[in-house]
Amino acid sequence: MEQRDLHSSLIAAAMQRPGHSAALLCSVIFVIGVGALALGQGTTQGIAQNSACPGGNAGITLPPGFCATIFADNIGHARHLTVAPDGVVYVNTWSGRYYHNGPVPKGGFLVALKDSKGMGHADIVERFGQTAAQGAAGGVGIAFYKGGIYAEEKDRILRYSLSPGSLIPKGQPEVIVSGLPLTGDHPMHPFVIDKAGNLYVDLGSATNSCQVKNRMLESPGEKPCKELETRGGIWRYDANKTGQHFSPAERFVTGLRNGEGLSFDAAGNLYDTQHGRDQLYENWPHLYTPQQGHNLPAEELVRLTKGANFGWPECYFDGFQKKLVLAPEYGGDGGKKVGICARMQGPVAFFPAHWAPNDMLIYTGTAFPKLYQGGAFIAFHGSWNRAPAPQGGYNVVFQPLANGKSSGKFIVFADGFAGAVKEPGRAAFRPSGLAMGPDGALYIGDDVHGRIWRVTYRGGPKPSSLVPAQQSKNTAGSSALVPPPEGIHANAGRQEATSLPVPKGMTRDDVTEGDRIFHGADGGTCSGCHGSDAKGTSVGPDLTDSKWIWGDGSLASITGIISRGVPKPKNYTGVMPPKGGAPLSEKQVADVAAYVWSISHRKP
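Residues numbered from 1 in each chain as written. Predicted model: local features only at pLDDT ≥ 70, side-chain atom pairs only at ≥ 80, totals over all residues. Heavy atoms only, no water.

**Comments concerning the sheet that holds strand β17 (residues 299-304)**
Phase 1 of the analysis: An order of β15-β16-β17-β20 is seen for the four strands of this open sheet, with the pairing classed as antiparallel. Of all the strands in the sheet, the pair left with one neighbour each is β15 (262-264) and β20 (349-351). Taken pair by pair, the neighbouring strands of this sheet meet at an average axis angle of 25°, ignoring direction.
Phase 2 of the analysis: The sheet contact formed by strand β16 (residues 270-274) and β17 spans five bridges and is antiparallel. In the sheet register, Q274 faces β17, and the bridge partner there is E300. (Pairing = 2+ DSSP bridges. Helix = DSSP H or I, 4+ residues; strand = E, 2+ residues; numbered from the N terminus. Axes fitted to C-alpha atoms, helices over the stretch in contact; angles between N-to-C directions.)

**A word on the packing of aromatic side chains**
Phase 1 of the analysis: This model, assessed by the stated rule, comprises 29 aromatic pairs.
Phase 2 of the analysis: Between Y363 and F377, the ring centres sit 6.1 Å apart and the planes meet at 80°, which makes this aromatic pair edge-to-face. On the criterion of sequence distance, the pair formed by Y363 in the loop between β21 (357-362) and β22 (376-380) and F377 in strand β22 is long-range, its members being 14 residues apart. The pair Y363 / F377 is uniform in exposure class, with both members buried.
Phase 3 of the analysis: Members of the aromatic cluster, each reached through a chain of ring pairs, are F66, Y363, F368, Y372, F377, F398, F413 and Y457.
Phase 4 of the analysis: Above the face of the W550 ring, K570 is positioned so that its terminal group lies 4.4 Å from the ring centre. (Phe/Tyr/Trp six-rings, centres within 6.5 Å; stacked < 30°, edge-to-face > 60°. Buried < 20%, exposed > 50% of the residue type's maximum accessible area, 1.4 Å probe, protein only. Lys NZ or Arg CZ within 6 Å of the ring centre and 35° of its normal.)

**Considering unusual backbone geometry**
Phase 1 of the analysis: Here L296 and P297 are connected by a cis peptide whose omega angle stands at -10°.
Phase 2 of the analysis: Tracing the backbone through its elements, the reader meets P297 in the loop between α5 (290-295) and β17.
Phase 3 of the analysis: Backbone torsion omega between W312 and P313 reads 5°, so that peptide bond is classified as cis.
Phase 4 of the analysis: When you line up the elements, P313 lands in the loop between β17 and β18 (315-318).

**Considerations on the side chain of E152**
Phase 1 of the analysis: Checked against the element boundaries, E152 lands in strand β7 (residues 148-153).
Phase 2 of the analysis: For the buried residue E152, which engages in no salt bridge, the nearest side chain bearing the opposite charge is R79, 7.7 Å off.
Phase 3 of the analysis: Separated by 2.9 Å, the side chain of E152 and the backbone nitrogen of G141 make a polar contact. (Lys, Arg positive; Asp, Glu negative; His and termini not counted. Salt bridge = Lys/Arg side-chain N within 4 Å of Asp/Glu carboxyl O. Polar contact = N/O pair within 3.5 Å; in protein donor to acceptor, adjacent residues only side chain to side chain.)

**A few points about the pairing of β7**
Phase 1 of the analysis: Counted residue by residue, β7 has six buried out of six residues, so it is predominantly covered.
Phase 2 of the analysis: One ladder, built from four bridges, connects strand β6 (residues 142-145) with β7; its direction is antiparallel. Bridge pairing links A143 to Y150 in β7.
Phase 3 of the analysis: Of the pairings in the sheet, the one linking β7 to strand β8 (residues 156-161) comprises six bridges and is antiparallel in character. Bridge assignment links E152 to a residue of β8, and that residue is I157.
Phase 4 of the analysis: What sits between β7 and β8 in their antiparallel hairpin is a turn of two residues, with K154 showing a positive phi close to 55°.

**Quick notes on the state of the cysteines**
Phase 1 of the analysis: Under the criterion given, the structure shown has two disulfides.
Phase 2 of the analysis: Covalently, C210 is tied to C225 through a disulfide, its sulfur atoms 2.1 Å apart. For the disulfide bridge between C210 and C225, the dihedral angle about the S-S bond is near 100°, and by the sign convention the bridge is right-handed. Taken as a pair, C210 in the loop between β11 (198-203) and β12 (233-238) and C225 in the loop between β11 and β12 lie far apart in primary sequence, 15 residues in all. Pair check on accessibility: C210 and C225 agree, each one buried.
Phase 3 of the analysis: Here C315 pairs with C341 through a disulfide, and the sulfurs are 2.1 Å apart. Looking down the S-S bond of the C315 and C341 bridge, the torsion is -100°, so its handedness is left-handed. Of the two residues, C315 is situated in strand β18 and C341 in the loop between β19 (323-326) and β20; the sequence distance between them amounts to 26 residues. By the burial criterion, C315 is buried, and C341 matches it.
Phase 4 of the analysis: C526 carries a free sulfur, and the closest cysteine sulfur to it, the one in C529, is 8.9 Å from it. (Disulfide = S-S within 2.5 Å.)

Shown next as structure tokens:
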């Protein structure tokens, strides 16, 4: 049986057996990706030839014959990448409310990386564009077109002209498009430009599923979903024209919740990735089990044609049934009803739930073996909405394609980025950007520490089949983060409840029980947003630092916040339904509140 078929069959069977734990069910996901340890050093044009990959493939694992080196490091929160015809790599870095871990590097948010010595490492690094001091926060989208760098900055796409032979622009940018929506869950604007100058930009949804109250328990969907007038699709503009303004009229396709990974194949066909929706179980517990919430819906790779509708928010793609089904906000019954979804366009390929496809590149080069040519590399940023089950993603997969369709099962091509713990707040690195160099090298960007890997093929016997990378236990090559030989337990850094202070009116046993629920017992989902160490993620705040956004830090205040939820977060992106979406009793809520109080009042 094929790996993907085995994976789907095991989980589908397990989901029908109530005795299985969430951890066991979701661990099946990780069967995919186990393969051979990468060996060898790339031998592409302009790179010094060595007999082995230095530094153990820079800490990540790859299929046999491929080699990775660190092209650049610590450049900021690197999102998308592009490579100019002369081999210079340009990166758009991002700040703002998605990142809460200190100051950004000095200079502009756009970065030019040049390997002037042909050694596979950028020895010249220059920054340009607007700075944090000017009120900028960087962006995601970036592209090279007709001698210029196009980059997203807040609500605009700008064009920076490059003089012949120059590394960075000298003059001020021109505004290509302005007025792009910035509010809500997905304020980023990834884009691509085709040879004719058509600029396709993703305008992700402002909400999870267009509910009247976003991400709240059993809140119905808006009918019609007014958000679709200005969000949830791909818009098309002219890269050769300045002064364009956003309007609903330029919409190219609709029904895409968040399509961050845009790429063309050799024939000019446009593909995109779809971030599937969150919180089926947390918002609709009478229709879905926790295990279904962890494993639905699938992430998608879709082909874009003008006027296509991919179904969001009325529909989501069920990877077990392999079809679009009706969402609960619009009359769905937990996956049986199809309704209008029968008329919507489905994916070319699909992947496990909540892995978060942040970028995609269809490989049009020839430096990699024939098996990879024409297929899609996808950078999965990594999940948060699988808690308390194991998180997934944090890797780069390869999906073979032929004639506009899937031509085989995907493999995990590059792994080991997260290091010891696959969680959004504790991962060492998280893949977020992909680009191909003129010599066929693959560049992979990370938005935690701003590392860029360069992946090449060293040659040797031509592979007869796709072989996945081996899952890695190391920390992706950061000497400061290398774990001891025995490894690091997933709960490392978590203080035992027996050593925590106890709030007045509660007992040590209450705090211990709250600890268990926080970390997944009885359906507790807290660690998904706040991390297993409770030190916060991009989704939810640190609960250990005694800084309170909504209350005064008292036990009564914490209990009220958990009970009511957080429908409109102030500084973070994660909307919290009441009780985190878990079926907790008043006593269980009180215990979790006692634990949160305890970890925020412990002495250093």
